[in-house]
Amino acid sequence: MRGGGAYDSSSIKVEFKTLGDIAKFIRGKGLSKKNTGKGNIPIIHYGELYTIYGNYINEVKSSTQRENINNSPMISKGDLLLPLSSTTKNAQIGKVSAYRCDNEAFLGGDAVLLRHQQNDGFLVYLLNSSWFEKLKMRTVKGTTITHLDINKFKQLQIPIPPLEIQEKIVKILDKFTELQAELQAELQARKKQYEFYREKLLSIETLSQLSDKWGGGMTPQR
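Nothing here was measured: the structure is a model prediction, and the numbers come from that model. (Residues numbered from 1 in each chain as written. Predicted model: local features only at pLDDT ≥ 70, side-chain atom pairs only at ≥ 80, totals over all residues. Heavy atoms only, no water.)

**Some thoughts on the overall build of the chain**
This is how the line gets drawn: Secondary structure elements follow DSSP: runs of H or I of four or more residues count as helices, runs of E of two or more count as strands, with numbering from the N terminus. Each residue is placed in one exposure class: buried if its accessible area under a 1.4 Å probe, protein chains only, is under 20% of its type's maximum, exposed if it is over 50%, and partly exposed if it falls in between. Note on areas: these come from Shrake-Rupley sampling with a 1.4 Å probe, and a residue is covered only by the protein chains present in the view.
In terms of regular secondary structure, the chain is built from 7 helices and 14 strands. Residues counted as buried form 40% of the 222 residues belonging to the chain. As presented, the chain carries roughly 13800 Å² of accessible surface, and 52% of it is formed by carbon and sulfur atoms.

**Section: the sheet that holds strand β10 (residues 105–107)**
Strands in a sheet are paired, the pairing made by backbone hydrogen bonds, and the direction either parallel or antiparallel. Heads up, the rule is: Pairing between strands is defined by DSSP: at least two bridges between them are needed.
If you trace the 4 strands from one edge of the open sheet to the other, you get β5-β3-β10-β6, paired in mixed fashion. Taken across any chain shown, the strands that pair with only one partner, and hence form the sheet edges, are β5 (62–64) and β6 (74–75). Inspection of the sheet shows strand β3 (residues 41–44) paired to β10 by 2 bridges, in the parallel sense. Of the residues in β10, the one forming a bridge with isoleucine 43 is phenylalanine 106.

**Let's talk about the side chain of serine 97**
We count it as follows: Contacts are residue-level and defined by heavy atoms, with any inter-residue pair within 4.5 Å sufficient.
With respect to the helices and strands, serine 97 occurs in strand β9 (residues 97–99). Under the relative-accessibility criterion, serine 97 is labelled buried at 0%. Setting aside its immediate chain neighbours within four residues, serine 97 contacts Leu49, Tyr53, Gly54, Asn55, Ile57, Asp79, Leu80, Leu81 and Val124.

**As for the confidence of the model for the chain**
For clarity, the threshold we go by: Confidence scores per residue from the predictor, reported as pLDDT, run from 0 to 100.
Residues at a pLDDT of 70 or more form 90% of the chain, whose mean pLDDT is 87. No element of the chain has a lower mean pLDDT than helix α7 (residues 204–214), which averages 80, and none a higher one than β9, which averages 98.

**Considering a nonpolar patch on the surface**
Threshold: Surface patches are defined over residues having more than 30% relative accessible area and no salt bridge, joining like charges when they lie within 9 Å and nonpolar side chains (Val, Leu, Ile, Met, Phe, Trp, Tyr) when within 5 Å. We define a salt bridge as a side-chain nitrogen of Lys or Arg found within 4 Å of a carboxyl oxygen belonging to Asp or Glu.
Among the surface-exposed residues, Ile169, Ile172, Leu173, Phe176 and Leu179 lie close enough to one another that they form a single nonpolar patch of about 420 Å² accessible area. The partly exposed category is assigned to leucine 173, whose relative accessible area is 30%.

**Describing the packing of aromatic side chains**
Formally: Note on aromatic contacts: the rings of Phe and Tyr and the six-membered ring of Trp form a pair at centre separations within 6.5 Å, being stacked when their planes are under 30 degrees apart, edge-to-face when over 60 apart, and tilted otherwise.
All chains considered together, the criterion is met by 5 aromatic pairs. On the basis of an interplanar angle of 90° and a centroid distance of 6.0 Å, the ring pair of tryptophan 131 and phenylalanine 132 is categorised as edge-to-face. We classify tryptophan 131 as partly exposed; its relative accessible area is 39%. Here phenylalanine 196 and tyrosine 197 contribute two aromatic rings whose centre-to-centre distance is 5.2 Å and whose plane-to-plane angle is 80°, an arrangement assigned as edge-to-face.

**Notes on the side chain of lysine 95**
What counts is decided by this rule: Charge counting treats Lys and Arg as positive and Asp and Glu as negative, with His and both chain ends excluded. Polar contact criterion, stated in full: a pair of N or O atoms within 3.5 Å, where within protein one must be able to donate a hydrogen and the other to accept it, and residues adjacent in sequence count only if both atoms are side-chain atoms.
Inspection of the secondary structure puts lysine 95 in the loop between β8 (85–86) and β9. At 11 Å, glutamate 133 is the nearest oppositely charged side chain to lysine 95, a buried residue that forms no salt bridge. At 2.6 Å, the side chain of lysine 95 and the backbone oxygen of leucine 49 are in polar contact. With near-sequence residues (within four places) excluded, lysine 95 lies in contact with Leu49, Tyr50, Tyr53, Gly54, Leu81, Leu82, Pro83, Asn128 and Lys136.

**Let's talk about the sheet that holds β8**
A sheet is described by the order of its strands in space; here 3 strands give the open sequence β8-β13-β12, paired in antiparallel fashion. This sheet does not close on itself; its edge strands, each paired only once, are β8 and β12 (140–141). Note: β8 against strand β13 (residues 146–148), 2 bridges, orientation antiparallel. Paired with serine 85 across the strands is histidine 147, a residue of β13.

What follows is the structure, given as structure tokens:
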């Protein structure tokens, strides 16, 4: 990632390039779930990209023993990871996460990593956007189990602004993502507070006390 600086907006050109042009696609391999948790080598299964990881992977949750790696590709910092199949309609097939850990990790089957020279955050936001989702779904096949057709996916074109612009965009979107997380946490805390007082105020004991205090000795029947 390059740092932002002064630039002349009139000279900025946004090129459209295919994903195959800007990234090297490396398929994940192996790594059975039955061997997970029996070692200290970090690994990522395709299903975890749906259930555990968001836009950025800052910590790997699963591990295995070195001998279980076999031909699984090593994930490098900045790589994009996405699952290639889904068994549910609710799962966003091809949802993208950026790997931001310094240590090595390995990728299991039914997933692919994209190695590139762009801003990883920019590509994450772009490839997870609603407008790109419509393009991506044209490369999906299957009904009960859906699969992303990598060859067709590689041919999708996306806008590539200069790295300085990518970084500025990411800073803005990261800030909004952070604010959204704070609002969600506040909302969750308020919801728990509401549930606590609802159960407290509507309990028989509290209603009896309030009736004695406010209603002249009226007591609700049990």
